[in-house]
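The lines below spell out each chain.
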Amino acid sequence: MHHPRQERTEEDSEKDEVVKSNSEKEDFITTKILKAAPLRYLNTTRNILDCIKEKPSILSWTPDGEIVYKGKHLPRTNIVKLVVDLLRNRKQSPVGSKEFHLALRKECTCNAS
């Protein structure tokens with residue numbers, strides 16, 4: 001059965017080029033986050049990721065993308081959804097939003113803007 005291909009926009013192609021340049025060095029989850037983020041917020045997304053990576057004892061994620069907050073694994077969370085939710089105005093926040101926002105606001109001392 002043939003499925004119609006979803007048309008790619010110019011913005012999608014541009015984002016792929018930006019993300020591809022660092023894909024070899026980034027881990028799989030980081031790459032997923034960068035691809036899911038809106039293009040205009042790509043630098044902000046990188047700043048957020050850098051901030052998180054500076055404090056792995058406060059906030060990190062598992063190989064499956066679930067967050068670990070202060071050493072406690074939070075099941076059914078998704079770091080990709082949490083970062084994208086932070087960048088977009090969503091009506092309903094994903095599981096783990098409270099801990100994720102708290103960690104960024106109080107524990108992370110970097111500038112994520």
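What counts and what doesn't
- Residues numbered from 1 in each chain as written.
- Predicted model: local features only at pLDDT ≥ 70, side-chain atom pairs only at ≥ 80, totals over all residues.
- Heavy atoms only, no water.
- Helix = DSSP H or I, 4+ residues; strand = E, 2+ residues; numbered from the N terminus.
- Contact = heavy atoms within 4.5 Å.
- Areas by Shrake-Rupley, 256 points an atom, 1.4 Å probe, with all protein chains shown as cover.
- Axes fitted to C-alpha atoms, helices over the stretch in contact; angles between N-to-C directions.
- Left-handed = near helix turned anticlockwise from the far one by under 90°.
- Nonpolar A, V, L, I, M, F, W, Y, C, P; charged D, E, K, R; others polar.
- Core = buried A, V, L, I, M, F, W, Y, C linked by side-chain atoms within 4.5 Å.
- Buried < 20%, exposed > 50% of the residue type's maximum accessible area, 1.4 Å probe, protein only.
- Pairing = 2+ DSSP bridges.
- pLDDT = per-residue confidence, 0-100.

Participant: Mind showing me how you'd approach the overall build of the protein chain here?
Facilitator: Along the backbone of the protein chain there are five helices and three strands. Seen in sequence order, the protein chain has helices and strands lined up from the N terminus as α-α-α-β-β-β-α-α. Long-range contacts, defined here as pairs at least 24 residues apart, represent 45% of the contacts in the protein chain between residues at least 6 apart. Of the accessible surface of the protein chain, which amounts to about 8000 Å², a share of 47% is contributed by carbon and sulfur atoms.

Participant: Honestly, the packing of helix α4 (residues 79-87) against helix α5 (residues 97-107) in this entry has me stumped. Any pointers?
Facilitator: For any two helices packed against each other, one specifies the crossing angle of their axes together with the interaxial distance. The contact between α4 and α5 brings their axes to 10 Å, and the two run at 65°. Crossing handedness for the pair α4 and α5: right-handed. Counting all contacts with α4, which are made through Ile79, Leu82, Val83, Asp85 and Leu86, the residues of α5 involved are Ser97, Phe100, His101 and Leu104. In terms of residue class, the contact of α4 with α5 is made up of six nonpolar, two polar and one charged.

Participant: Explain the nonpolar core here, please?
Facilitator: Proteins that are soluble and globular tend to have nonpolar side chains buried together. Core analysis: the biggest nonpolar cluster contains 23 residues, and Ile33, Ile52, Leu59, Ile67, Ile79 and Phe100 have the highest contact counts within it. With five residues, α4 is the single largest residue contributor to this core. Setting aside chain neighbours within four positions, we find Ile33 in contact with Thr45, Leu49, Ile79, Val80 and Val83.

Participant: Help me understand the sheet that holds strand β3 (residues 72-73), please; the structure alone is not making it clear to me.
Facilitator: Sheet strands pair by backbone hydrogen bonding; their relative direction is either parallel or antiparallel. Read across the sheet, three strands follow the order β1-β2-β3 without closing on themselves; strand pairing throughout is antiparallel. On the outer flanks of this sheet lie β1 (59-61) and β3, each paired with one strand and no other. Relative to β3, strand β2 (residues 67-69) runs antiparallel, the two being bridged by two bridges. Within the sheet, the bridge partner assigned to Tyr69 lies in β3 and is Lys72.

Participant: Just checking my understanding: could you explain the confidence of the model for the protein chain for this structure?
Facilitator: Keep in mind that low pLDDT regions are not for reading the predicted coordinates in detail. Residues with a pLDDT of 70 or more make up 72% of the protein chain, whose mean pLDDT is 81. In the model of the protein chain, helix α1 (residues 10-23) stands out as the element of lowest mean pLDDT, 54, in contrast to β3, which has the highest, 95. Note that pLDDT drops below 50 for residues 21-25; the model gives that stretch two contacts with residues more than four away or on any other chain.

Participant: So what exactly am I meant to see when it comes to the environment of Cys51 here?
Facilitator: Mapped onto the fold, Cys51 is located in helix α3 (residues 42-54). Accessibility expressed as a relative area gives 2% for Cys51, which makes it buried. Sequence separation between Cys51 and Leu104 is 53 residues, and the spatial gap between their C-alpha atoms is 8.0 Å.

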